Amino acid sequence: QLQLVESGGGLVQAGGSLRLSCAASGRRFMSYSMGWMRQTPGREREFVAAIRRGNDRTYYAESVKGRFTISRDNKQNTVYLQMNSLKPEDTAVYYCAAVFSTADYTSPSEYESWGQGTPVTVSS
């Protein structure tokens with residue numbers, strides 16, 4: 001598994017932007033597909049975005065499609081989530097996650113390595 005550390009969360013007004021970063025420790029970063037999940041107290045952890053190893057195919061939750069972009073830099077062992085046009089409904093703790101092999105990149109339960117999370121608050 002990988003050791004993951006998120007950063008870049010904070011407070012932003014509706015309509016604004018944030019970029020989250022996830023730094024991974026491990027020499028086999030390129031062998032893992034990466035994802036971003038989010039969770040609000042009292043709700044189930046929710047899939048946000050994923051990027052596959054190798055071909056870099058991306059997946060997005062319908063609620064963020066067109067507003068969020070996931071990317072990765074394999075030389076820096078880092079994955080990013082660019083969040084634009086933020087809405088109050090995007091308020092949550094955002095988690096970075098990694099999986100070596102899965103048939104469903106949109107399921108949080110498939111991921112095996114997790115960061116501690118970074119909070120994002122979007123004000124009205």
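Residues numbered from 1 in each chain as written. Predicted model: local features only at pLDDT ≥ 70, side-chain atom pairs only at ≥ 80, totals over all residues. Heavy atoms only, no water.

Enquirer: Sorry, what's going on with the side chain of R38 here?
Expert: Locating R38 in the fold gives a position in strand β4 (residues 33-39). Only 3.0 Å separates the side chain of R38 from the side chain of D90, close enough to count as a polar contact. Excluding residues within four positions of it along the chain, R38 makes contact with E44, R45, E46, V48, S63, V64, F68, E89, D90, A92, V93 and Y94. (Helix = DSSP H or I, 4+ residues; strand = E, 2+ residues; numbered from the N terminus. Polar contact = N/O pair within 3.5 Å; in protein donor to acceptor, adjacent residues only side chain to side chain. Contact = heavy atoms within 4.5 Å.)

Enquirer: Looking at this structure, I do not really get the nonpolar core. What am I missing?
Expert: Looking at soluble globular proteins, one finds that nonpolar side chains tend to be buried together. Formed by 36 residues in total, the largest nonpolar core has its most connected members in M34, W36, L81, M83 and Y94. Elements supplying a minimum of two residues to this core: β3 (18-25), β4, β5 (46-51), β7 (68-73), β8 (78-83), β9 (92-99) and β11 (118-123). With six residues, the single largest contributor to this core is β9. (Core = buried A, V, L, I, M, F, W, Y, C linked by side-chain atoms within 4.5 Å. Buried < 20%, exposed > 50% of the residue type's maximum accessible area, 1.4 Å probe, protein only.)

Enquirer: Would you mind showing me how to read the layout of surface pockets here?
Expert: Considering only enclosed or pocket space, the largest pocket measures out at about 190 Å³ in volume. Around the largest pocket, the lining comprises 13 residues; the ones closest to its centre are R38, T40, R43, E46 and E89. Residue composition of the lining of the largest pocket, by class: one nonpolar, four polar and eight charged. (1 Å grid on protein atoms, 1.4 Å probe; cavity = no way out; pocket = protein on both sides within 12 Å on 5 of 7 lines; lining within 4 Å. Points joined across faces, edges and corners; volume = space filled by probe spheres on them. Nonpolar A, V, L, I, M, F, W, Y, C, P; charged D, E, K, R; others polar.)

Enquirer: Quick question: what am I supposed to make of the packing of aromatic side chains here?
Expert: Given two aromatic rings, one states the distance between the centres and the angle between the planes to describe the pair. All chains considered together, the criterion is met by four aromatic pairs. Ring centres of Y95 and W114 lie 6.4 Å apart, and the angle between their planes is 75°; this geometry places the pair in the edge-to-face category. Note that Y95 is positioned in strand β9 and W114 in strand β10 (residues 113-114), a separation of 19 residues in sequence. The interplanar angle of 70° and the centroid separation of 6.4 Å between the aromatic rings of Y111 and W114 together place this pair among those described as edge-to-face. Residue classification places Y111 among the buried positions, given a relative accessible area of 6%. Every member of this aromatic cluster is reached through a ring pair, and the members are Y95, Y111 and W114. The ring of W114 has R45 lying over it, and the distance from NZ or CZ to the ring centre is 4.6 Å. Between the NZ or CZ atom of R72 and the centre of the ring of F29, over which it lies, the distance is 4.5 Å. (Phe/Tyr/Trp six-rings, centres within 6.5 Å; stacked < 30°, edge-to-face > 60°. Lys NZ or Arg CZ within 6 Å of the ring centre and 35° of its normal.)

Enquirer: When you look at the pattern of salt bridges in this model, what are you seeing that I'm missing?
Expert: Proximity of charged atoms lets side chains of opposite charge pair with each other. Enumeration according to the criterion identifies four salt bridges in this entry. Across the salt bridge formed by R38 and D90, the nearest N and O atoms sit 3.0 Å from each other. On the criterion of sequence distance, the pair formed by R38 in strand β4 and D90 in the loop between β8 and β9 is long-range, its members being 52 residues apart. Looking at R38, the relative accessible area reads 6%, which means it is buried. Under the relative-accessibility criterion, D90 is labelled buried at 2%. Here D90 makes a salt bridge to R67, at a shortest N to O gap of 2.8 Å. You can see D90 sitting in the loop between β8 and β9 and its partner R67 sitting in the loop between β6 (58-60) and β7, a full 23 residues away along the chain. By the burial criterion, D90 is buried, and R67 matches it. Ionic contacts of the salt-bridge type, sharing partners, join the residues R38, E46, R67 and D90 into one network. (Salt bridge = Lys/Arg side-chain N within 4 Å of Asp/Glu carboxyl O.)

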